[in-house]
Structure formats: C-alpha cells, structure tokens
Amino acid sequence: MKHPRIACGVAGALFALLLRIGGPAATAADLDDRVYDPGHLKPTDSRLRVKTGDPAPDFALPAIDGRTVRLRDFRGRKNVVLSFVPAAWTPVCSKQWPGYDIARKYFERYDTIVLGITVDNLPTLHAWVREMGGLWFPVLSDFHPHGAVARAYGVLRSDGVAERALFLIDKKGIVRYIDVHDINRRPDLGVLVEEMKKLAR
Amino acid sequence: MKRLLTEWTVAVGLAWGLLGCSHLPTWLLKAPPGRGDGFPAVALEAPSDPDARAYLGLKPGATTFSVQDIRAELVIIEVLDMYCRFCQKDAPAANALRQMLDSRGVADRVKMIGIALGNSRFEAELFTDRFHVRFPVVPDPDSTVRHALGRVGTPAFYAVRFTNGAAVIAARHNGLLGDGAGRFLDRALSRAGLRP
C-alpha cells in the first residue's frame, strides 16, 4: 500500500458512514422513505417568461380524472394558483400538495382553485396522487409535448423537470404573484394565503 | 510516528462521520436517539396563546423555550409536519393520547406538545385548527429539531422525563400511533415511574 494514511482515512470515513446509515429506519410511516431522493439540487435553473401584471399564458392540459383543464375556463369565475412541482415520487413534492389538501378552506375563502402541474405522465400522476390519499384540486400532466406549459411560464429546468413554482392568477387572467422557490424547500403556505387575501381586497 | 498518524487519520474520519451535518440527505443523518438518551435542548418559538403558555408553564415574556423549560414531570413530544399525510392521518390518535392524560389523572404531571418540522407558524396553526389538536403545536421552520435528533421521520413520539435537570428519553415511538396510544402512554408512565 503506497499511501496507508490516506487508505486508513478513507476506511475510517467509510466506517463512520456505516455508523450513520446503520440502525433502524427513522419511521416506516414516512413517505420520504419510499420515494426517490434526488439529493440537494441547484435552487433554481430557469428564466421566467412572465412577470406580475402580464396576462397568464393560456393552456389546456389533461387531468388525472380524464378531463382537459383549460386556464381560460376559470376567467371571471375563480382566481387560480398554478402549483408547479418538479417530479412525482420525490420527497418535497410528495408533501407539498397534501398540505394544500388540508388547506382547502383558505383557497375557497379567497375564491381560488389550485391547479397542480408536473411534467410527469398521467399514469404516474394517477398512482402518486392515489398514494397521497387523493386531492381536492385537479392535477395536470405537462408531459406531452414535454413541459410545454412550464416552458411558456419560464419554469422548465435544464434537466427537463419543472421548478417548484407558484403563480397566482386573478379572475381577469392576470398574473398577480410569482414565487419560483428553491426547489429543495417548500414555500410557506402562509405567504401564499396572504397573497390570495390581497386579491380579495 | 506512522502509527500515530494512521490513528489520527482514522479518528478524523470517525469524527467527520459522527458530527451532525444538515446538508446531508435524510438517509445519511445520524440515527435518532432512543430510550436513555438525552433529548436535545433546542430553542423553539414560544406560543403566543396565553392558555398554551400557561399549560407549558413558560416564563412571562419568554419568546423562546426548550423542552427542558416545560413545567412537568414527563413531556410527550410529537414530531410532526403539517404537510405529512401520515401526521394528518394520525392526528386523531395524538388527540386520543392527550385525552388519556386527562382520563388517567396525570394531566398536571404529564404535558404534551407538538413540534412542527419545517413549518411556519401559519402552517403549525393550520394543522392545529384543521385537526382540533388539543395540545400546543410549535413551529420549527428551520427543522432544527431534525438536525439535532438525526434521522427522525414524521410522525414520531418521544416521552421525555426529567432527571436531575436533564431531559432523558423514557420511550420513543416511530410512525403512526394508530390504536397504540394507550400502550405508548403505559410504557412511558411506567418507565418514568409515574403511576396514575
């Protein structure tokens, strides 16, 4: 062995690593244990194509319940939150929408519908949402042509997934709030609720 | 000399591994503490609600507190996350556990709190409101408790007793309590030497 100290250091580090990952799982109940963890990612990786005050680009996307959802259908009826999340079966995304699910009364109080969007295909989204126990809001697939809606809003990352991004669109179809969030962290729901409250004033 | 250097290198490797690191993925974090281990003294945001403050026995004007500051012989801590489906599903079981403290006549000696990992105050309050939680749930927006505890998932339940001023874990339950709230409480009370 030419470099015994380096070898021993590496061995020590590997042993320590084993100590870390040894032992019982934190909890079998946590969905985090069953989903793919991509590790820490570059916080944002795209350039916005809309800004607050712009008309929101219209789109039509298939939903997991078989309908086609068009943004313009909500014009004059509801405010819309577009919630882009990067990918199904990943840790942060798998919790963000269950949080919105129990916050339904806040969205309804401010006359707002959530549209959840990822670039995954419909069968994947169907299975993923079932695993979550269902959601009260539509979940849409931006799979084909790949990420076209995410691209139109400027939140398609270079690796083909969407940013973790929120767009609040008022009943006139105008973008009123944008949060392209650090992909590794959930946005604070309280901030979004405050923005919805502003639309109600 | 060479042997000394080798041992030193191994020690550095071990130290690297054993020290906590918040930037590592969850599966690489250290295993969480168990029975007999100390519960970390992490500063938490003190609730503003006067009833919650009185329940926990917090000092007037305190803006932060740790588990060690709670006036009780035993503290049951639920580590949760508003966004976690399993925590939502298990909320009735956690409420049942809180109810058992009353029905077994130990509510003055045993207190219960929730620590909401990665949640803002709004999110912690939303969880409390949505599931009619009957114990204070405090936000931990930076997940400092997770960093201190290690690879803890949600929900997780810790019963912490106080021995000579130190907070020691008497019982731990990982995952859903389900219909096991009574068994967990029995175990916690027994190990803490508390009998109803």
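Residues numbered from 1 in each chain as written. Chains lettered and ligands numbered in written order. Predicted model: local features only at pLDDT ≥ 70, side-chain atom pairs only at ≥ 80, totals over all residues. Heavy atoms only, no water.

**Focus on the overall build of chain B**
Within chain B one finds six helices and seven strands. Going from the N terminus to the C terminus, chain B shows its helices and strands as α-β-α-β-β-α-β-α-β-α-β-β-α. Sequence separation of at least 24 residues holds for 66% of the intrachain contacts in chain B that already meet a minimum separation of 6. (Helix = DSSP H or I, 4+ residues; strand = E, 2+ residues; numbered from the N terminus. Contact = heavy atoms within 4.5 Å.)

**Topic: the side chain of Asn79(A)**
All names here are of chain A. Note on placement: Asn-79 falls in strand S3 (residues 79-84). You can call Asn-79 buried: its relative accessible area is 7%. Reaching out from Asn-79, the side chain makes a polar contact with the backbone oxygen of Tyr-110 at a distance of 3.1 Å. A polar contact is formed between the side chain of Asn-79 and the backbone nitrogen of Lys-171, at a distance of 3.3 Å. In contact with Asn-79, not counting residues within four places along its chain, are Tyr-110, Asp-111, Thr-112, Ile-113, Leu-168, Ile-169, Asp-170, Lys-171 and Leu-199. (Buried < 20%, exposed > 50% of the residue type's maximum accessible area, 1.4 Å probe, protein only. Polar contact = N/O pair within 3.5 Å; in protein donor to acceptor, adjacent residues only side chain to side chain.)

**Some words on the nonpolar core**
Core analysis: the biggest nonpolar cluster contains 116 residues, and Leu82(A), Phe84(A) and Tyr153(A) have the highest contact counts within it. With eight residues, helix H3 (residues 85-103) of chain B is the largest single contributor of residues to this core. Apart from residues no more than four positions distant in its own chain, Leu82(A) is found in contact with Phe59(A), Leu71(A), Leu115(A), Ile117(A), Tyr153(A), Ala165(A), Leu166(A), Phe167(A) and Ile169(A). (Core = buried A, V, L, I, M, F, W, Y, C linked by side-chain atoms within 4.5 Å.)

**As for the side chain of Asp179(A)**
Residue and element names in this part refer to chain A. By the element assignment, Asp-179 lies in strand S7 (residues 175-181). Buried within the structure, Asp-179 lacks any salt-bridge partner; Arg-164 is the closest side chain of opposite charge, at an N-O distance of 9.1 Å. In this view, Asp-179 contacts Arg-164, Ala-165, Leu-166 and Pro-187; residues no more than four positions away in its chain are not counted. (Lys, Arg positive; Asp, Glu negative; His and termini not counted. Salt bridge = Lys/Arg side-chain N within 4 Å of Asp/Glu carboxyl O.)

**A word on the pairing of strand S3 (residues 74-80) of chain B**
Side chains on a regular strand alternate between the two faces of the sheet. Residue and element names in this part refer to chain B. Across the seven residues of S3, seven count as buried, placing the element largely inside the fold. Both faces of S3 are covered, namely the face carrying Leu-74, Ile-76, Glu-78 and Leu-80 and the face carrying Val-75, Ile-77 and Val-79. Here seven bridges tie S3 to strand S4 (residues 110-117), and the two strands are oriented parallel to one another. Paired with Ile-76 across the strands is Met-112, a residue of S4. A crossover connection joins S3 to the parallel S4 through H3; in handedness this β-α-β unit is right-handed. Here S3 runs beside strand S6 (residues 156-163); their pairing, made up of six bridges, is antiparallel. Looking at the pairing, Val-75 lines up with Val-160 of S6. (Pairing = 2+ DSSP bridges. Right-handed = clockwise from strand over helix to strand, strands pointing away.)

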